[in-house]
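Listed here are the chains, written in short residue letters.
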Amino acid sequence: MSAVYIDVHGHLAPYGETGGGPPSLRDPAGSLAAKRALGVRMTIIGSPVGAGSMVPGAAAGNYDQPADRVRAHNELMGELVDRFPAELRAYAYLDPFGDEAMLGQAAELVKDDRFAGLLINSSVRGEYLGSERAADFFAMADETGVPVLVHPPAEPSGTAGLHGHHGLIEHIARPCDVTIGIAAIVAGGWLERYPQLPLIAAAGGGGLALLAEKLGLAVARTPGRAASGPRLAGRAVDSLAKVYVETSCPSEAQLSANLRVFGSGRVLFGSDSPPLLAQLDRVTGLVSALPAEDRDAVGWRNATALFGLPWPG
């Protein structure tokens, strides 16, 4: 049997919104055909900025969007799913530090079968989600029970010193933001409070698979060092093991490390395409080269179980 995939990390611009990015973002029929040719049967799409911008320098107002504007964007994503119901589902975007209206619009939308989960940024204006300000979000997300894609923001924390180098921001800084963002969630104790909350780390989790032991040291109570954050009841590595990671970094070394640290049951196929449609064959190639059991688990089986999706064949 040829390899088939459910892509848990894709992007398409909804009809009616304008903005930048490659043409593939605004060509859903063409992009889905290109993905279909490589075995991708379904893609879960979302915008990590709502109706804002992923372009550094143009993204300053991303978190100024009111809840009604974010909801209007999410509803346009739902209309895109309506156009391609066999191949698309959507994430409902929200600002995790938003007010009751912001959280409420997302919680309401995920009751709609077109929406498969929530999408948040790994940091917001330089603040990570280990903050107690994220308490209402985590309570809401746990109540919905849907997966949450933790995606890097347009302008990751600490990138001012890169002087607008878009390539370094996109391909280096953003995976690093996911690394720190998930580490902060673990250190904040959120996965002990909500152990069933399914978080998906975008960018393959960045460097998390290489830093599990360092994360344990980070939260340890060490003589001579002031305590930071809540005291975890268990080991940080046990909280980290509850996280899912995807495959959008076209790296054999990262995929191998993720399989070793998280296990094949916690790795999901994700391509970040569009916009990275030109890299899709590299990602499918890495997954298709896995032993058949791992290939099917990563390629589609884990996603069907996590999102409640049908067999994609």
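A. Representation of the overall build of the protein chain within the structure. What the protein chain contains, in helices and strands, is eleven helices and ten strands. Taken over the C-alpha trace, the protein chain has a radius of gyration of 18 Å; the compact-globule value for 313 residues is 20 Å, and the two agree within 12%. Expressed as lengths along the three principal axes of its C-alpha atoms, the size of the protein chain is roughly 60 × 45 × 40 Å. Among the 313 residues that make up the protein chain, the fraction classed as buried is 53%. Across the protein chain, the fraction of contacts at a sequence separation of at least 24, relative to all contacts at a separation of at least 6, is 76%. Accessible area for the protein chain stands at about 13200 Å²; split by element, carbon and sulfur atoms hold 54% of it. When the 25 positive and 33 negative side-chain charges of the protein chain are each reduced to one mean point, those points stand 5 Å apart.

B. Up close: the pairing of strand S2 (residues 40-45). Extensive coverage of S2 is indicated by the burial of five of its six residues. Here three bridges tie S2 to strand S3 (residues 88-93), and the two strands are oriented parallel to one another. What sits directly across from Thr43, in S3, is Leu88.

C. View of the sheet that holds strand S4 (residues 115-121). Within the open sheet, the eight strands sit side by side as S1-S2-S3-S4-S7-S8-S9-S10. Their pairing is parallel. At either margin of the open sheet sits one strand with a lone partner, and together these are strand S1 (5-10) and strand S10 (267-268). Pairing analysis gives four bridges linking S1 to S2, with the strands arranged parallel. Paired with Gly10 across the strands is Ile45, a residue of S2.

D. Structural context of the side chain of Ser248. Along the chain, Ser248 turns up in the loop between strand S9 (244-246) and helix H9 (252-262). Accessibility expressed as a relative area gives 7% for Ser248, which makes it buried. A polar contact is formed between the side chain of Ser248 and the side chain of Glu246, at a distance of 2.9 Å. Apart from the residues within four sequence positions on either side, Ser248 is in contact with His9, Ala203, Gly204, Gly270, Ser271, Asp272 and Val283.

What counts, and at which threshold
- Residues numbered from 1 in each chain as written.
- Predicted model: local features only at pLDDT ≥ 70, side-chain atom pairs only at ≥ 80, totals over all residues.
- Heavy atoms only, no water.
- Helix = DSSP H or I, 4+ residues; strand = E, 2+ residues; numbered from the N terminus.
- Rg over C-alpha atoms; globule rule 2.2 N^0.38 Å.
- Buried < 20%, exposed > 50% of the residue type's maximum accessible area, 1.4 Å probe, protein only.
- Contact = heavy atoms within 4.5 Å.
- Areas by Shrake-Rupley, 256 points an atom, 1.4 Å probe, with all protein chains shown as cover.
- Lys, Arg positive; Asp, Glu negative; His and termini not counted.
- Charge placed at Lys NZ, Arg CZ, Asp CG, Glu CD.
- Pairing = 2+ DSSP bridges.
- Polar contact = N/O pair within 3.5 Å; in protein donor to acceptor, adjacent residues only side chain to side chain.

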